[in-house]
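Summary of structural features
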Amino acid sequence: MSKTMLAAVLNKPLDMEMKQVPIPVPGKDEALIKVYCIGVCGSDVHYYEHGKIGRYVVEKPIILGHELAGEVVAIGEAVKHVQVGDRVAVEPGVTCGRCEYCKAGRYNLCPDVVFMATPPVDGAWAEYVAVRADFLFKLPDSMSYEQGALLEPLSVGIHAMNRANVTPADRLLVTGLGPIGLLAIQAAKLFGVKEIYATDVVPFRQQLALEMGVTAVIDPTQHPVKERLLELTDGQGVTVVVESSGNGRAIGDALRAVKRGGRVVLVGMPAVDEIPVDVNAIIDAELDVYGLFRYANTYPAAIAALSNSELDIEKVITHKFSLNDTVQAVEMARTQKDTSIKVMIYPGL
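Residues numbered from 1 in each chain as written. Predicted model: local features only at pLDDT ≥ 70, side-chain atom pairs only at ≥ 80, totals over all residues. Heavy atoms only, no water.

**Points about the overall build of the chain**
Summing up its helical and strand segments, the chain has 10 helices and 20 strands in all. In summary, the chain has a C-alpha radius of gyration of 20 Å against a globular reference of 20 Å for 349 residues, a match within 12%. Counting only C-alpha atoms, the chain reaches 65 × 40 × 35 Å along its principal axes. Among the 349 residues that make up the chain, the fraction classed as buried is 53%. A separation of at least 24 residues holds for 71% of the contacts in the chain among residues at least 6 apart in sequence. Total accessible area on the chain is roughly 15,900 Å²; 50% of this is exposed by carbon and sulfur atoms. (Helix = DSSP H or I, 4+ residues; strand = E, 2+ residues; numbered from the N terminus. Rg over C-alpha atoms; globule rule 2.2 N^0.38 Å. Buried < 20%, exposed > 50% of the residue type's maximum accessible area, 1.4 Å probe, protein only. Contact = heavy atoms within 4.5 Å. Areas by Shrake-Rupley, 256 points an atom, 1.4 Å probe, with all protein chains shown as cover.)

**Looking at the pattern of salt bridges**
Within this structure, the stated rule accounts for 12 salt bridges. As a salt-bridge pair, Arg228 and Glu231 come within 2.9 Å of each other at their nearest N and O atoms. Of the two residues, Arg228 and Glu231 are both situated in helix α6 (residues 225-232); the distance of three residues between them amounts to about one turn of the helix. Of the charged contacts in the structure, one is a salt bridge between Asp253 and Arg256, with a shortest N-O distance of 3.0 Å. In this pair, Asp253 and Arg256 both sit in helix α7 (residues 248-257), three residues apart, roughly one turn of the helix. On the basis of relative accessible area, Asp253 is assigned to the buried category, the value being 14%. Taken together, the salt bridges that share partners define one network made up of Glu49, Glu331 and Arg334. (Salt bridge = Lys/Arg side-chain N within 4 Å of Asp/Glu carboxyl O.)

**Describing the sheet that holds strand β6 (residues 62-63)**
Taken together, the three strands give an open sheet; going across it, the order is β2-β1-β6, and neighbouring strands pair in antiparallel fashion. Of all the strands in the sheet, just β2 (15-22) and β6 have a single pairing partner and so form its edges. Where strand β1 (residues 4-12) meets β2, eight bridges bridge the pair, whose relative direction is antiparallel. Counterpart to Thr4 in the pairing with β2 is Pro22. (Pairing = 2+ DSSP bridges.)

**As for the UniProt feature "domain: Enoyl reductase (ER)" (unreviewed entry) in the chain**
When the UniProt feature table is mapped to this numbering, "domain: Enoyl reductase (ER)" (unreviewed entry) covers residues 11-345. Annotated as 29% helix and 28% strand, the span residues 11-345 places its first and last C-alpha atoms 19 Å apart. (UniProt positions renumbered as here; feature names shortened; annotations may be inferred.)

**A few points about α7**
Buried residues dominate α7, accounting for seven of its 10 residues. Every buried residue belonging to α7 is among Ala250, Ile251, Gly252, Asp253, Ala254, Leu255 and Ala257, and all of these are buried. Elements in contact with the buried residues of α7: β13 (171-175), α6, β16 (238-243), β17 (258-266), α8 (279-284) and β18 (288-291). Residue Asn247 occupies the N-cap position of α7, its side-chain oxygen lying 2.8 Å from the main-chain nitrogen of Arg249. (Polar contact = N/O pair within 3.5 Å; in protein donor to acceptor, adjacent residues only side chain to side chain.)

**So, the pairing of β13**
Burial within β13 is extensive, with five of its five residues counted as buried. Burial of the side chains of β13 extends over both faces: Arg171, Leu173 and Thr175 are buried on one face and Leu172 and Val174 on the other. As judged from the five bridges shared by β13 and strand β14 (residues 195-199), these two strands associate in the parallel manner. By the bridge assignment for β14, Leu173 is matched with Tyr197. Taking the sense of rotation as the criterion, the β-α-β connection linking β13, helix α4 (residues 179-190) and β14 turns out right-handed. Alignment of β13 against β16, held across four bridges, turns out to be parallel. For Leu173, the partnering residue across the bridge sits in β16 and is Val241. (Right-handed = clockwise from strand over helix to strand, strands pointing away.)

Shown next as C-alpha cells:
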C-alpha cells in the first residue's frame, strides 16, 4: 500500500484543493477504513463557504466530511470486535467515555468529543480514515455502503424521535425537507408513525417527500400551516413537530402548529443566535420543547430497523461524484439546493 492518499483539503473559505497526504496509521484501539462513500453535509458546505460554524473556526487546512461507510483494511493490536474485510458504518464523534455525560448515556454532550470535520479535527473526504474501533458498526450483507453512510443523518432523525418519545399513536409534522427532514420522515416510519405531514417551499423537495411516503405536504407560503393541518387531520392536529429547517418563521409555525400538550423538537440551527418566540403560547399549551444535538446510541438500532424494513433511504441521494470532483460536489450542494438533496462522494470512482 502506498504511504499517501488523495484527500480534499479546505485551505480557506471557497478554496479547496486535491492533495496527496499521508495515510493515517491506526493506533492500538483504532482501525483503518478504506472509504467507499461519504456524504456532503450542510455543515461541510457551511465550513466551505464561511470557514466557521459558531465557535468552530477553520484556522488551518482541514479535510471535511463525516457521513461515511467503508471497509476495514487494518486494525490495531487491541481491536477485537472488527476484522480486516468487515464492511462498516462509521459514527464520526469519538467521545471520552469517562465524563458524566458519557456515563449517563448522553455522550453526544461530551465536552471532549473529537468529531470528524469539526475544526481542528480532519474528516474523511479522503481515501482512508483511522477511527477508534468502538465507533465502527458492522453492516449486514443486506445493507449497501450508501445506507451505511446515511446512518449518520438518519441518526439525527432517530434521536429526534427518541427525544420526543414518539409512538405509533402520534401524528407528526416535519418542517424543512432537506436531507435531515426527509430522513426524519423515514425515522418516524421506523417508529411506526402512520400520519406524517411536512412543510417546504421547494417543489422538488415537496415531490420527493411525497414519494418517500408523507401523508401530505404544505407550502407555508401558500397556506397557513396550523389551519391546513387542522383541515388535513379532521381538526385533531399534530402531536409532535420536528423542526429541521432552522428558519425563524418555521420555528414559530412549529410552536403554533402543534396541539396543546404536544412536543416540539428543534433540530435545524438558525443563522442567528436569538429568535423571538411566543413564550406565553408555550406555557399556555404546556408544550414540551426539546433541543437536539447530533445523536447518541442510534447506530445499532438504525441498522437493526433498516435491516427489517422496506424503506428506501437511498432516495435522498440525488447526485454522485468521484473524490477527484469533490469541489464540484460541494458546489452542487451549495448552489443547487432546489434540485439536490444528498450529494455523495465516492473515492473509488
